[in-house]
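The chain contents come next:
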Amino acid sequence: MKNKLSPFSLLNPGKLKVLLSLGVKGYLADRGWFDAYRTKSAIDENGKAIPWVTYSFIDFIGDRISKEHDVFEFGSGNSTRFYAARAKSVVSVEHDQGWFEQSSKLNLPNVDMIQCDLQPGGDYSRSATRTGKRFHIIIVDGRDRVNCCKNALDALTDDGIVVLDDSERAKYKQAFYFFESNGFKHLPFTGMAPGAIISKCTSIFYRPSNCLGI
């Protein structure tokens, strides 16, 4: 009977050395990926809160959001801290009562939290519109994402943009067709995200004249 080989026995010493070194040097170590993986939270190399989106998008958006921008996000958490530190205001909606209560404890002066029960195509997806406000940036990173994207336009400023996370997923393809039919262009940011072991994509949908100067 042949002995079973462990996965590491299939690696030559050079490859194994490189893999073991990734925790102390290189891109993932520099970005704080291993701490994010260990703590199961979206944090950067300094332990500060960041969104659970691709690093390439974080690099792009971080310096472009200003205190002139109002942000709405479907889904809250460390992303709320990140956007609140840069934007004029942030409104976040949560369908889960427990997570809503936890996010409300952030107690940030420029953040408003909304709790709304989830029903596909229901009030949750219309939460931004129901505020009666218009937002420069709408982040879709919660549930019922295609409907959230479709309803976002009614709450978007003329120069506003919509961000869709996990946009590589086939079930969100309808959102692409919707934005294209409404004159939006698509800018994808593909790559690694905090603590995630697979590549993903975060997409911006924008019109020629937009608040981020794209």
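Conventions used here
- Residues numbered from 1 in each chain as written.
- Predicted model: local features only at pLDDT ≥ 70, side-chain atom pairs only at ≥ 80, totals over all residues.
- Heavy atoms only, no water.
- Buried < 20%, exposed > 50% of the residue type's maximum accessible area, 1.4 Å probe, protein only.
- Helix = DSSP H or I, 4+ residues; strand = E, 2+ residues; numbered from the N terminus.
- Pairing = 2+ DSSP bridges.
- Axes fitted to C-alpha atoms, helices over the stretch in contact; angles between N-to-C directions.
- Parallel < 35°, antiparallel > 145°, perpendicular 65-115°, else oblique.
- Left-handed = near helix turned anticlockwise from the far one by under 90°.
- Contact = heavy atoms within 4.5 Å.
- Nonpolar A, V, L, I, M, F, W, Y, C, P; charged D, E, K, R; others polar.

Chemist: Quick question: what am I supposed to make of the pairing of strand S7 (residues 200-206) here?
Modeler: Side chains on a regular strand alternate between the two faces of the sheet. Counting buried positions along S7 yields 7 of 7 residues, so the element is predominantly enclosed. In the sheet, strand S5 (residues 156-165) pairs with S7 via 4 bridges, with the strands oriented antiparallel. Each residue of the ladder has a partner; that of Leu164, found in S7, is Ser203. With 7 bridges connecting them, strand S6 (residues 185-191) and S7 associate as antiparallel partners. The residue of S7 that forms the bridge with Thr190 is Cys201.

Chemist: It is not clear to me how the packing of helix H8 (residues 145-152) against helix H9 (residues 173-181) should be interpreted in this structure. Could you clarify?
Modeler: When two helices pack together, their arrangement is given by the angle between their axes and by how far apart the axes lie. At a closest axis distance of 8 Å, the pairing of H8 and H9 adopts a crossing angle of 15°. Taken as axis vectors, H8 and H9 run roughly parallel relative to one another. Handedness of the H8/H9 crossing: right-handed. On the side of H8, the interface is formed by Val146, Cys149 and Lys150, while H9 contributes Gln174, Ala175, Phe178 and Phe179. Here the contact of H8 with H9 is composed, by residue class, of 5 nonpolar, 1 polar and 1 charged.

Chemist: How should I be thinking about helix H4 (residues 55-62) in this particular structure?
Modeler: In an α-helix there are 3.6 residues to a turn, and that puts residues three or four apart on one side. Within H4, 6 of the 8 residues are buried, leaving the element largely enclosed by the surrounding structure. Within H4, the full set of buried residues consists of Tyr55, Phe57, Ile58, Phe60, Ile61 and Gly62. Summarising the contacts, the buried residues of H4 are in contact with helix H2 (27-31), helix H3 (33-39), helix H5 (78-84), S5, S6 and S7.

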